[in-house]
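# Fold and contact review
Here's the letter readout for the chains.
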Amino acid sequence: MTTVEIQGIAKSYQPGVPVLKPFDLTIEAGELFFLLGPSGCGKSTLLRILAGLVEPDSGVIRFNGEDITRLAPEKRRAAMVFQNYALWPHLSVFENVAFGLRTAGAGKETIRREVTAALEMVQLADCAARRIPSLSGGQQQRVALARALAVNPALLLLDEPLSNLDARLRDAMRHEIRRICKERHLTALYVTHDRQEALSMADRIAVMNGGILQQCGTPEQVYNHPCNRFVAGFLGDTNFISGEAAGNGKIRSPFGELNVPACDLPDGTTIAAAIRPERIRILPPDAAGMNRIPARLTGRTFLGESCEWQFEAAGGTVDVLEFAPPERRIGDEFLLELPPDGVVLLRG
Ligand code: ADP
Ligand code: MG
């Protein structure tokens, strides 16, 4: 198991256009760690720097305390799985998976044993002799994963590995990849722009935007306690309410005075209150009380197990997500309850 330390890593491909601003991160041994962010934010660049395929402008990378920043890719034992699989179509499944071991000069018996074990791990043991073009996309993805596992990597790097699969296969592979990482006690860094993938698979997530690490934490931490507007919005739908601090545990907002979690911001500080649609409760219009705002139902999106309701209140629109939704009539009046413990206060 490998602990990976990233310290002050920065990269520009062109002078004056930084793709990664000095970046610090520690991935614990055995952790399935995610880099999550929009397209172009520098995720693949960081992954390639770890693999040794791209040289950083500054900073240090350590595997188990050892500086490997200038070490050649093949000496790092960092195995990569790409979005497009990057398999050799003219070679068999076995030969594709054996490739890394052969290049490293492994003996015939070792290759047979390790390749078989890797193919069993991804449930492709009976496909060893098959040619790549005869496999489905999902099977090709498994071969790519087996090839990375066969070299017994110190660090497994996965770059959007499921993007080319259809939704059902993607769900199944999420479980598979997590199971394999945990069974093999692998340290893995997984890059995606898909928040569901990150939330459902990760031990911890680093949320990135514009080459800057925004927040790092468990899926629950980054979803429930986002540190800024970007993280709140990128991790899920959010209602943002602008307002100002009005003494401990209160804000003034277009929806009136609201009770919020305690904070020590000076009176009058401009803040935004973020509340996720599933945290808001829909109540009958005569159930007045604390943090309950009158609102009229103006729209709905039916999603099967849940429904997204749009409300119009005096202070603006509010989105509410309700599971096992009852029938509701557009145009009816309700009270929306914003529980204080569902509100996250953000600066500005
Ligand atoms: P992500 O994986 O998050 O989508 P990338 O790391 O691939 O982001 O790219 C980050 C930025 O760097 C993008 O603006 C991209 O166009 C640019 N970039 C990536 N690779 C190169 C390269 N080899 N040469 C020049 N620019 C690059
Ligand atoms: Mg990328």
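Refer to the structure above for everything that follows.
Because the structure is predicted, anything quoted here is derived from the model rather than measured.

### Concerning the overall build of the protein
A count of helical and extended segments in the protein gives eight helices and 20 strands. Expressed along its principal axes, the backbone C-alpha trace of the protein runs to roughly 80 × 45 × 35 Å. A burial count over the protein gives 47% of its 348 residues as buried. Of the contacts made within the protein by residues no fewer than 6 positions apart, 65% connect residues no fewer than 24 positions apart. When the accessible surface of the protein is summed, it comes to about 16200 Å², and 51% of that surface belongs to carbon and sulfur atoms. Put simply, the protein has 38 plus and 41 minus side-chain charges, and the middle of one group is 6 Å from the middle of the other.

### Some details on the pairing of strand β14 (residues 270–275)
Within β14, five of the six residues are buried, which leaves the element mostly enclosed by the surrounding structure. As defined by bridge partners, strand β11 (residues 239–245) adjoins β14 across six bridges and the pair is classed as antiparallel. Bridge assignment links S242 to a residue of β14, and that residue is A272. As paired strands, β14 and strand β20 (residues 343–347) are joined by five bridges and run antiparallel to one another.

### Brief notes about the sheet that holds strand β2 (residues 17–27)
Ordered in space as β2-β1-β4-β5, the four strands form an open sheet in which the pairing is antiparallel. Only two strands of the sheet have a single partner each, and these edge strands are β2 and β5 (66–67). Across five bridges, strand β1 (residues 4–14) lies against strand β4 (residues 58–63) in antiparallel orientation. Considered in β4, the bridge of E5 is made with R62.

### Some words on the packing of aromatic side chains
For the coordinates displayed, the defined rule picks out four aromatic pairs. Ring geometry for F34 versus Y190: centroids 4.2 Å apart, planes at 20 degrees, classification stacked. Of this pair, F34 sits in strand β3 (residues 32–36) while Y190 is found in strand β8 (residues 188–192), placing the two residues 156 residues apart along the sequence. Here F34 and Y190 have matching classes, each one buried. When the centroid spacing of 5.4 Å and the interplanar angle of 15 degrees are considered together, the rings of F230 and F234 count as stacked. Pair noted here: F230 and F234 are both in helix α8 (residues 229–235), with a separation of four residues, about one helical turn.

### Section: the side chain of E160
Tracing the backbone shows E160 in the loop between β7 (155–159) and α5 (167–183). There is no salt bridge for the buried E160, and the closest opposite charge comes from K43, which lies 4.1 Å off by N-O distance. Excluding anything up to four places from it in sequence, E160 contacts K43, Q83, V191, T192 and H193.

### A few points about the site of ligand 1
Around ligand 1, the neighbouring residues are Y13, V19, P38, S39, G40, C41, G42, K43, S44 and T45. Within the contact set of ligand 1, an oxygen atom lies 3.1 Å away from a backbone nitrogen or oxygen of G42. Separating an oxygen atom of ligand 1 from a side-chain N or O atom of S44 is a distance of 2.8 Å. In isolation ligand 1 has 570 Å² of accessible area, and contact with the protein removes 57% of it. Broken down by element, the residue count for the shell around ligand 1 peaks at three residues, all from helix α1 (residues 43–51). Looking at the shell around ligand 1 residue by residue, the class counts come to four nonpolar, five polar and one charged.

### Looking at the sheet that holds β14
Strands belonging to one sheet form pairs held by backbone hydrogen bonds; the direction of such a pair is parallel or antiparallel. Taken together, the five strands give an open sheet; going across it, the order is β13-β12-β11-β14-β20, and neighbouring strands pair in antiparallel fashion. Lying at the two open borders of the sheet, with one neighbouring strand each, are β13 (256–259) and β20. Along the sheet, successive strands turn relative to each other by an average axial angle of 40 degrees, direction set aside. Of the strand pairs in this sheet, strand β12 (residues 250–253) and β13 are connected by four bridges, and their pairing is antiparallel. Residue pairing in the sheet places K250 in a bridge with N259 of β13.

### Structural notes on the nonpolar core
If you look at the biggest cluster of nonpolar residues, it comprises 47 residues, and the most contacted ones within it are V97, L145, L149 and L156. The residues touching L156, leaving out its near neighbours within four places in the chain, are A79, V81, L145, A148, L149, C181, L186, T187, A188 and L189. The next biggest cluster of nonpolar side chains, apart from the first, holds 27 residues, and it includes V4, I6, L46 and F63.

Scoring rules and cut-offs
- Residues numbered from 1 in each chain as written.
- Chains lettered and ligands numbered in written order.
- Predicted model: local features only at pLDDT ≥ 70, side-chain atom pairs only at ≥ 80, totals over all residues.
- Heavy atoms only, no water.
- Helix = DSSP H or I, 4+ residues; strand = E, 2+ residues; numbered from the N terminus.
- Buried < 20%, exposed > 50% of the residue type's maximum accessible area, 1.4 Å probe, protein only.
- Contact = heavy atoms within 4.5 Å.
- Areas by Shrake-Rupley, 256 points an atom, 1.4 Å probe, with all protein chains shown as cover.
- Lys, Arg positive; Asp, Glu negative; His and termini not counted.
- Charge placed at Lys NZ, Arg CZ, Asp CG, Glu CD.
- Pairing = 2+ DSSP bridges.
- Phe/Tyr/Trp six-rings, centres within 6.5 Å; stacked < 30°, edge-to-face > 60°.
- Salt bridge = Lys/Arg side-chain N within 4 Å of Asp/Glu carboxyl O.
- Near = heavy atom within 4 Å.
- Polar contact = N/O pair within 3.5 Å; in protein donor to acceptor, adjacent residues only side chain to side chain.
- Nonpolar A, V, L, I, M, F, W, Y, C, P; charged D, E, K, R; others polar.
- Axes fitted to C-alpha atoms, helices over the stretch in contact; angles between N-to-C directions.
- Core = buried A, V, L, I, M, F, W, Y, C linked by side-chain atoms within 4.5 Å.

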